[in-house]
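The primary structure of each chain is shown beneath.
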Amino acid sequence: HHKEAIRIMEEIHASLPHRIEGFSRLAHEGRWLTLRTVLERDLQEVVYMIEESGVEIPPEPPHVEAILRVIGGVLMLQDELLRITEVRKTKLFEEEAASLTKIVIRDIDEALEILRSSPDHAKAVGVLKKIRTSLPRRMKQFVRLAKAGKWRSLRGELEKRLEEIVRTIETKVLEPIESDY
């Protein structure tokens, strides 16, 4: 299985420059939904190839899995709200912002519960607490922009602010914890 896994990884690696060029082109053309679809398809293809090789990928530790769930939730929040800005529906934006924020907050709470069990994760807990407190305020700012019809500004703020949150979680929560393993 090991040789097959290496062969598959080499095959994936060899295809990356071509794939990245295509992703880049779609991004420059502003074809975000197509880019998302292509990325999801490619990722599914890679996962399928790895699974078919018979290589067993060990599960993530629960605290890492919880942090990854928070990151995924923030990315989903960003994707869905950006999608709504394309159709410019204020009420839908407000409803989805509230609903999806609750999901992210729930994921943060679950991660906090797991991380609090270890004193080694005190900094990570502090970072996630700050995000948990600031996210609802940030969402209210986004809703105000939507209600004011400032869709272009809203798109820019969504991209910038939610990517900042993801980067913060990756660098100040996930990376330090992963380096312990």
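Keep in mind it's a predicted model, so treat the numbers as computed, not measured.

Procedures and definitions
Residues numbered from 1 in each chain as written. Predicted model: local features only at pLDDT ≥ 70, side-chain atom pairs only at ≥ 80, totals over all residues. Heavy atoms only, no water. Helix = DSSP H or I, 4+ residues; strand = E, 2+ residues; numbered from the N terminus. Buried < 20%, exposed > 50% of the residue type's maximum accessible area, 1.4 Å probe, protein only. Contact = heavy atoms within 4.5 Å. Areas by Shrake-Rupley, 256 points an atom, 1.4 Å probe, with all protein chains shown as cover. Lys, Arg positive; Asp, Glu negative; His and termini not counted. Charge placed at Lys NZ, Arg CZ, Asp CG, Glu CD. Expected span 1.5 Å × (residues − 1). Axes fitted to C-alpha atoms, helices over the stretch in contact; angles between N-to-C directions. Parallel < 35°, antiparallel > 145°, perpendicular 65-115°, else oblique. Nonpolar A, V, L, I, M, F, W, Y, C, P; charged D, E, K, R; others polar. Phe/Tyr/Trp six-rings, centres within 6.5 Å; stacked < 30°, edge-to-face > 60°. Arc of directions from axis to C-beta. Patch = residues over 30% accessible without salt bridge, like charges linked within 9 Å, V, L, I, M, F, W, Y side chains within 5 Å. Salt bridge = Lys/Arg side-chain N within 4 Å of Asp/Glu carboxyl O.

## Observations concerning the overall build of the protein
In terms of helices and strands, the protein carries six helices and zero strands. In the protein, the succession of α and β elements from N to C terminus is α-α-α-α-α-α. Here the protein holds 181 residues, and the buried ones make up 36% of them. Taking as baseline every contact in the protein between residues at least 6 positions apart, the subset at least 24 positions apart corresponds to 70%. Carbon and sulfur atoms make up 55% of the accessible area of the protein, which totals about 11,600 Å². Charge centroids of the protein, computed over 31 positive and 32 negative side chains, lie 11 Å from each other.

## Observations regarding helix α5 (residues 122-147)
In a regular helix each residue adds 1.5 Å, so 26 residues correspond to 38 Å; α5 covers 38 Å between its end C-alpha atoms and thus fits that length. For α5, the complete set of buried residues consists of Ala124, Val125, Val127, Leu128, Ile131, Leu135, Met139, Phe142, Val143, Leu145 and Ala146. Looking at the buried residues of α5, the elements they touch are α3 (62-87), α4 (90-115) and α6 (151-179).

## A few points about unusual backbone geometry
Although it is not a glycine, Arg88 adopts a positive phi angle of roughly 55 degrees. The topology assignment puts Arg88 in the loop between α3 and α4. Among the residues examined, Arg88 registers a relative accessible area of 52% and is labelled exposed.

## Concerning the packing of α4 against α6
Put simply, α4 and α6 touch, their axes get as near as 15 Å, and they point 10 degrees apart. With respect to each other, α4 and α6 are oriented roughly parallel. Packed against α4, whose contacting residues are Thr90, Phe93 and Leu115, the element α6 presents Trp151, Leu154, Leu158 and Ile177 at the interface. The residue makeup of the contact of α4 with α6, split by class, is six nonpolar, one polar and no charged.

## Focus on the side chain of Glu80
For Glu80, the position within the fold is in helix α3. If near-sequence neighbours (up to four positions away) are discounted, Glu80 is found in contact with Arg36 and Leu100.

## A short note on the packing of aromatic side chains
Using the criterion set out here, one finds one aromatic pair in the structure. With 6.2 Å between their ring centres and 80 degrees between their planes, Phe93 and Trp151 make a pair best called edge-to-face. Within this pair, whereas Phe93 is found in helix α4, its partner Trp151 is found in helix α6, the two being separated by 58 residues in sequence. Residue Phe93 shares its accessibility class with Trp151, and that shared class is buried.

## Considering helix α2 (residues 32-53)
In this model, α2 (22 residues) spans 32 Å end to end at C-alpha, consistent with the 32 Å of a helix rising 1.5 Å per residue. Here α2 has its buried residues at Leu35, Val38, Asp42, Val46, Met49, Ile50 and Ser53. Projection of α2 onto a plane perpendicular to its axis shows the buried side chains occupying an angular sector of 105 degrees, all on one side. α2 presents Thr37, Gln44, Glu51 and Glu52 as exposed residues on the side facing more than 90 degrees away from its buried surface. Gly54 sits one or two residues past α2 and shows a positive phi near 85 degrees.

## Section: the packing of α5 against α6
The interhelical angle for the contact between α5 and α6, taken along N-to-C directions, is 175 degrees, at an axis separation of 11 Å. Relative to α6, α5 is oriented roughly antiparallel. By residue class, the composition of the contact of α5 with α6 is 17 nonpolar, two polar and four charged.

## Concerning a negative patch on the surface
Negative charge collects at one region of the surface, where Glu60, Glu170, Glu175 and Glu178 lie side by side. By the secondary structure assignment, Glu60 is in the loop between α2 and α3.

## Notes on the environment of Leu154
Turning to its location among the elements, Leu154 is positioned in helix α6. Separated by 30 residues in sequence, Leu154 and Ala124 place their C-alpha atoms 29 Å apart. The contact partners of Leu154, leaving out residues within four places of it in the chain, are Thr85, Phe93, Phe142, Leu145 and Ala146.

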